[in-house]
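# Understanding the architecture of this molecule
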Amino acid sequence: MPFISKIQRQTDYSLFSPSCPIVIDNGGSYFRIGWAGESDPRVIFRNIVQRPRHKVTGETVTVVGDHGPALLKYFDCMRSTPRSAFDFNVVFQFETMESILDFGFDRLGVNGSEVDHPVLITECPCNPLHSRFKMAELLFESYGVPSVAFGVDAAFSYTYNQRLGVCNMEGLAISSGFNTSHVVPFVNGEPVYDSCCRTNVGGFHVTDYLKQLLSLKYPHVMSMFTWEKVEDLKMEHCYIAPDYFAEARLFQNGTKESEKKTRYWQIPYTPPPVEEQLPSGEDVARKAALKEKQGQRLREMAESRRVLRITELENELRGLEFLLRQLEKVDEMDVPAFLSDTGYISKLEIESSVAKVTQSLRKAKREQVESEEREDAASSEKYPLIDVPDKMLSPEQLKDKKRQQFLKTTAEGRQRARHKRFEEEALRDRENQLEEEMRLENPELYLEQLHARHKELIEKVEQRKRLKTNGNGYSSNGNGYSSNGNSGGVGRGERLNAAQKERMRLLTTAAFDRGKGEDTFGAKDDDWELYKLMSKDHDDEDEGPDEDELELSRLSSKLQVLDPSFVLKLEFAESQPFDVPKPRLLTEEDFKISLGVERFRCPEVLFRPNLLGIDQVGLDEMVGVSVRRFTLKGQGFEETLTSSILLTGGSCLYPGMAERLEAGVRMILPCGTPIRIVRALDPVMDAWRGASTFAASLCFPSQTFSKMDYDERGEVGLHGYKFRYTI
């Protein structure tokens, strides 16, 4: 798959001779590649690789370096995160490294898979031999380069600034990069790796720490804190405090100076739509009255249409009945001639119209149209064997008779249940209508009655609960008897509800009737209804809410709607639907990100890695460790090293870095030791520029490891490889 990036491909690759080296600064954060002798690299991109899938075709693509959200919206990036080829500052994922080199050579203008130029590539101090050999193997086997040279980025930066007079031949280079930080001593312009020091803290940890702090502080805009944006905030606003604890107390006290040091970042904010204010009581009453008036008008219009319809149907029915009476006086031979002007053909058609008009009239008069007459008329056809004596039936007909009896009983049961349901619905509608009329007639009295009924039901339910609790014969005084000397409990019969008492009565009655003589239970349909009632499980622990509790819940819901001041008790609120509290609406201030203590707290991890839980030393202590490790120090040599300390690397760009480092180193070294700390001319680009300058010199070919040496000696040839930086 082709690579995806906005970096333009160079077109002058063929203009450079094969002897011109290619210089690569393989940093943990950025990959820089260009030609030897030039002041700036040709191609710079993020040293990361991502392999998402296309949302439409499902094809996997390789995304190297920086990428825009507008481009990646066509790809599924949720399952593919950016990956680096580094473990801290050592290359260990060479498959990823090969994708990065492919992209870098392609952007430089290389045609084909062969690279016919020497390559100078940077590495970390004390790079493991295995990593160096795998890199040489990748360059020789995959790209066919004629020779390779390996150099340390901090050493190239130090020698480049030394040639420009920024630092001395002897000194210390403090290189704080993306993943790690190093202190490398130099003697006569050459690094002494036996005395160098490393800590696994760099710019990545500062950015990640700032991202975590902002996400915890502003969780509602966490999606805005992308890695690139937090990186920009870090480089623009963070600084190194001269005294960390004094600076923290300054912000803790909230002084004016802390307000001046606070920076703000306004995130785009769109105000939510303004919600309509809740109407007042007068508005609610006015709207209710208007709604009632409109409803009354609609009811009157519907009633007038119904009366008109009834009148039309009655006139039509009288006309049809009159026509039937006239037909009785007409001979059968003259009927067609008599009906020719009426639109009917026969007497049967007129009778059918009479039946239809009669049914429509009953519906218009809101009379319940039942099918009992039709069912009674067809009962003899559906159940012809019910009224026939058993003696006159064969065994098969007896079976059919029992089946017909069962079907008839079931149909009648359904009919009774339907009638009962209609009656209950009509009764409920009448009660709701009466209740609504009472509310509209006198709202205050209606509300007062609801409160009284609600209080009465609460007392009733509480009394039943107390009876259930104290029904074991013990009272609260702990002696097993009530305070008046009698038993503190109540009998089970006093603790039963109405349904349970009815069940007890039915059981007692059934047992009494059964003991009189012949057992006839089940001969009647009512016996089965009794059986159903007695078969219900009325256990005290598992019973559901009774009628009083249901009525209490209904009244509570109604009072919550009608009375804003009504507060439901906690013990009765469990059965009510829980209203989740609405979150506070976010304002413009919530989208205003303030950077106060975070400005110096995050870069402080370079001096105090224990803030991140890393048990290692900071930059100032690393200088002392490196000086103590130096084996060649003699009279005044320690002062020579500390008099030329160079700061290089992207994490050395914070304001106040040199002052804080000087104060920390002065507390470690002996009193009176001269300390001079300078910053590189360009801490980010000086490593590549130093490598470019050295690769353009005449002594560079003697420092390379050729393809012939690789073929003859392999990994053994890299054991004694040592790059010299003095020209």
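The structure under discussion appears in the preceding block.
This write-up is about the structure you can find in this document. Quick caveat, the model's predicted, so the values are computed rather than measured.

### Details of the environment of Val597
Tracing the chain through its elements places Val597 in the loop between β18 (592–595) and α19 (598–601). For the pair formed by Val597 and Gln252, sequence separation is 345 residues and the distance between their alpha carbons is 8.8 Å.

### Looking at the packing of helix α4 (residues 153–163) against helix α23 (residues 686–695)
Running from N to C, α4 and α23 point in directions that differ by 75 degrees, and their axes come no closer than 7 Å. With respect to α23, the axis of α4 lies roughly perpendicular. Of the residues in α23, those in contact with Asp153, Phe156, Ser157, Tyr160, Asn161 and Arg163 of α4 are Asp686, Ala687, Arg689, Gly690, Ala691, Thr693 and Phe694.

### With respect to the layout of surface pockets
In this structure, the largest pocket encloses a volume near 940 Å³. Forming the walls of the largest pocket are 50 residues, and the residues nearest its centre are Gly27, Gly28, Ser29, Gly177 and Phe178. Elements with a minimum of two residues in the lining of the largest pocket: β2 (22–26), β3 (30–35), β10 (90–91), β11 (119–123), α3 (129–143), α4, β13 (171–176) and α6 (227–237). At 6 residues, the largest contribution of residues to the lining of the largest pocket is made by α6.

### Comments concerning the nonpolar core
Among the nonpolar cores identified, the biggest contains 64 residues, and Ile22, Ile24, Met97, Leu101, Phe105 and Met135 are the most heavily contacted of them. For Ile22, the residues in contact, after removing those within four places along its chain, are Ile33, Gly34, Trp35, Phe105, Leu108, Val115, His117, Pro118, Val119 and Leu120. Judged by nonpolar contacts, the second largest core, of 47 residues, contains Leu172, Cys238, Val665 and Ile675.

### Here we look at the pairing of β11
Taking burial as the measure, the 5 residues of β11 include 5 buried ones, the bulk of the element. Side chains of β11 alternate between two faces, with Val119, Ile121 and Glu123 and Leu120 and Thr122 buried alike. Note that β2 and β11 share 3 bridges and pair parallel. Bridged to Ile24 within β11 is Ile121.

### A short note on the sheet that holds β3
The 6 strands lie next to each other as β4-β3-β2-β11-β12-β21, forming an open sheet whose pairing is mixed. This sheet does not close on itself; its edge strands, each paired only once, are β4 (43–46) and β21 (705–706).

Analysis parameters
Residues numbered from 1 in each chain as written. Predicted model: local features only at pLDDT ≥ 70, side-chain atom pairs only at ≥ 80, totals over all residues. Heavy atoms only, no water. Helix = DSSP H or I, 4+ residues; strand = E, 2+ residues; numbered from the N terminus. Axes fitted to C-alpha atoms, helices over the stretch in contact; angles between N-to-C directions. Parallel < 35°, antiparallel > 145°, perpendicular 65-115°, else oblique. Contact = heavy atoms within 4.5 Å. 1 Å grid on protein atoms, 1.4 Å probe; cavity = no way out; pocket = protein on both sides within 12 Å on 5 of 7 lines; lining within 4 Å. Points joined across faces, edges and corners; volume = space filled by probe spheres on them. Core = buried A, V, L, I, M, F, W, Y, C linked by side-chain atoms within 4.5 Å. Buried < 20%, exposed > 50% of the residue type's maximum accessible area, 1.4 Å probe, protein only. Pairing = 2+ DSSP bridges.

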